[in-house]
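Residue strings, one per chain:
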Amino acid sequence: MQLQFFNIINDEERGSEETHAVTDPRTEEDLWPCPVATEADFEDAVAAAQKAFPAWSKTTVPERQAALVKLAAILEEHLEELTDILSKESGKSKLMASFDIKGSVAQCHYYSTLGLTDELQYEDEHTRVVATHVPLGTVGAICPWNFPLILSNIKVVSSLVTGNCIIVKPSPFTPYAVMRWIALSRGVLPPGVLQVLNGGADLGARMTLHPGIAKISFTGTIATGKRVMAACATTLKKVTLELAGNDACIVLPDADLAKTVPSVAAGGFFNAGQVCVASKRIYVHESVFDEFLERLVEEVERVYGMQEDAGVPSLFGPVSNRMQYEVVRGIIEDCKRKGYEIKTGGKTEGVVGKGFWLPATIVSKPAEDSWLVREEQFGPVLPILSWSDEDDVIKRANLANAGLGASVYSRDLAKAERIARRLETGGVWINQFERPNMGAFFSGHKDSGFGGEMGKQGLLSYSYTQCLHFGKDFDKS
Ligand code: NAD
């Protein structure tokens, strides 16, 4: 597959003297050359967005929504091509890669029916106050590598439906599918409304500092998020930070294990654990701990093996890049050094001939202050811990870096809800593993984020709210 990739500036393809190539996570070979945007490219993109904004911001919501339907059609038409590209750059199976594209199609359709409308905020005999939602200007989207398309696309649909222009910067680990998709979408929107630039931390940092960018929507690690927020303060940009999680999953003594175990396994190992809201620490009541663990190991060995050679479409895959592979290897090695019991997996050398493969690994009862428990692993290694006291498990669950999601499993919904309401997270899933819903506000509490995206509340963060105060007293004489 020989493909060409371009930065898209003012609806035109632009190459660059400097290129970089992503390492294929399955073969460790270089993929295609990808143009790295220069400072001049970035300035041109900002200028094009600023030129496009006055007319685009005045379009109606239905006009913008019609554009989203066209973007969805392009994604659908090129599903196979984009699936192939995304699978190569991320290491995901074709099945997993196709979820990223189909999910983006669904987002386009959903936001083609959801938009912000004026709202009456207050009324009495003297005054009537109507809130209207005004676009911000140009949004800079700084994106991660774990779901390259869907996590860029949510920023694109949110920006467009609210009347903003957007410049997307995909992760340098996974630039190709996003760049190809935006290239394929040329002609749908006025030049300058939707643009893409390939680059790394330096381009991201430039975006956070540029006065021509009104808002940064960032998804990534907590450490980078802090840098982004500090840089955005210099020009008082609006900022949304979607950051890491360290989700606790709490299994109660009465949980239906036949259903809970497969759900927890999916929560931990879907996409090889590279999910921001993956279940990352499993707390199982001591009365069912042994049975749960035995069943979980069986389930994980059966479903999350490296089965693709047998032609079985897999929900599992290699770690997506060397950087993360080394982090996860380090965590598994640390567990071994400390003598924690590894119930399955654990191999870190020569797992498969080539590529960043690590087996699904389950560690029984590592220390609460171990690297695996305290930090986000973002890969296929899962600690299983036991609990006996409700207050204690809630306290252990509520780490500062665990503000994104959590899950609770029990047959007693009232009890599960009572626990859920005490968890300090943006979302809690009861009797299901953590999975974002495109209509539901998705946000991280505490260190896991600042603001959030999705649903109507998400769209509000892409707008200024302007209140129109209509005096009524003049009408009265
Ligand atoms: P990262 O922070 O390393 O990089 C994210 C993006 O920021 C990349 O595009 C990178 O080039 C850019 N960047 C790096 N330094 C920058 C700087 N100084 N200024 C501006 N931009 C800069 O994160 P990652 O490794 O790509 O993503 C994985 C992380 O993202 C995990 O922690 C995961 O939990 C988190 N994540 C969160 C969500 C969510 O919705 N909360 C979703 C997916 C992933």
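Residues numbered from 1 in each chain as written. Predicted model: local features only at pLDDT ≥ 70, side-chain atom pairs only at ≥ 80, totals over all residues. Heavy atoms only, no water.

**Student:** What exactly am I supposed to notice about the overall build of the chain here?
**Tutor:** In terms of regular secondary structure, the chain is built from 15 helices and 22 strands. The C-alpha atoms of the chain give 23 Å as radius of gyration, which agrees with the globular expectation for 477 residues (23 Å, within 12%). When its C-alpha atoms are laid out on the principal axes, the chain stretches across 75 × 60 × 40 Å. Counting over 477 residues, the chain shows a buried share of 58%. When contacts within the chain are restricted to residue pairs at least 6 apart in sequence, long-range pairs at least 24 apart make up 73% of them. (Helix = DSSP H or I, 4+ residues; strand = E, 2+ residues; numbered from the N terminus. Rg over C-alpha atoms; globule rule 2.2 N^0.38 Å. Buried < 20%, exposed > 50% of the residue type's maximum accessible area, 1.4 Å probe, protein only. Contact = heavy atoms within 4.5 Å.)

**Student:** I'm lost on the pattern of salt bridges in this one. Help?
**Tutor:** Oppositely charged side chains can pair when the atoms bearing their charge come close. Enumeration over the complete set of coordinates arrives at 28 salt bridges. Two residues, R14 and D44, come together in a salt bridge whose shortest N-O distance is 2.9 Å. Taken together, the residues R14 in strand β2 (residues 12-14) and D44 in helix α1 (residues 39-56) connect sequence positions 30 residues apart. For D44, a relative accessible area of 34% corresponds to the partly exposed category. Across the salt bridge formed by R396 and E368, the nearest N and O atoms sit 3.0 Å from each other. (Salt bridge = Lys/Arg side-chain N within 4 Å of Asp/Glu carboxyl O.)

**Student:** Please explain empty space enclosed by the protein as it appears in this structure.
**Tutor:** Rolling a probe over the atoms, with the probe sized like a water molecule, indicates the empty space that remains. The final tally for this structure, using the stated rule, is 2 cavities of 30 Å³ or more. If you add up the space inside the largest cavity, you get close to 50 Å³. Along the walls of the largest cavity sit S90, G91, K92, S93, M96, N271, Q274, L315, F316, G317 and P318, which together make up its complete lining. Counted by class, the lining of the largest cavity contains 4 nonpolar, 6 polar and 1 charged residues. Looking at which domains feed residues into the lining of the largest cavity, each of domain 1 (7-243 + 444-466) and domain 2 (247-430) gives three or more. In this structure, the second largest cavity spans a volume of roughly 40 Å³. Together, D11, I182, S185, R186, L189 and L194 line the second largest cavity. Of the residues contributing to the lining of the second largest cavity, the split by class is 3 nonpolar, 1 polar and 2 charged. (1 Å grid on protein atoms, 1.4 Å probe; cavity = no way out; pocket = protein on both sides within 12 Å on 5 of 7 lines; lining within 4 Å. Points joined across faces, edges and corners; volume = space filled by probe spheres on them. Nonpolar A, V, L, I, M, F, W, Y, C, P; charged D, E, K, R; others polar. Domains from an automatic or database assignment.)

**Student:** Looking at this structure, I do not really get the state of the cysteines. What am I missing?
**Tutor:** Formally, a disulfide is one covalent bond, and it connects the sulfur atom of one cysteine to the sulfur atom of another. Under the defined criterion, the tally for this structure stands at 0 disulfides. No disulfide involves C108; its sulfur sits 14 Å from that of C143, the nearest cysteine. Note on C108: relative accessible area 0%, which makes it buried. (Disulfide = S-S within 2.5 Å.)

**Student:** Looking at this model, I keep getting lost on the packing of helix α4 (residues 94-111) against helix α5 (residues 148-161). Mind explaining?
**Tutor:** The angle between the axes and the distance between the axes are what describe a pair of packed helices. Remark: α4 packs on α5, axes separated minimally by 8 Å, with the N-to-C direction vectors making an angle of 15°. Here α4 is positioned roughly parallel relative to α5, judged by the angle of their axes. Of the two elements, α4 crosses α5, and the hand of that crossing is right-handed. Two secondary-structure elements touch here, α4 through D100, I101, G103, S104, Q107, C108 and Y111 and α5 through P148, L149, I150, N153, I154, V157 and V161. The residue inventory of the contact of α4 with α5, partitioned by class, reads 9 nonpolar, 4 polar and 1 charged. (Axes fitted to C-alpha atoms, helices over the stretch in contact; angles between N-to-C directions. Parallel < 35°, antiparallel > 145°, perpendicular 65-115°, else oblique. Left-handed = near helix turned anticlockwise from the far one by under 90°.)

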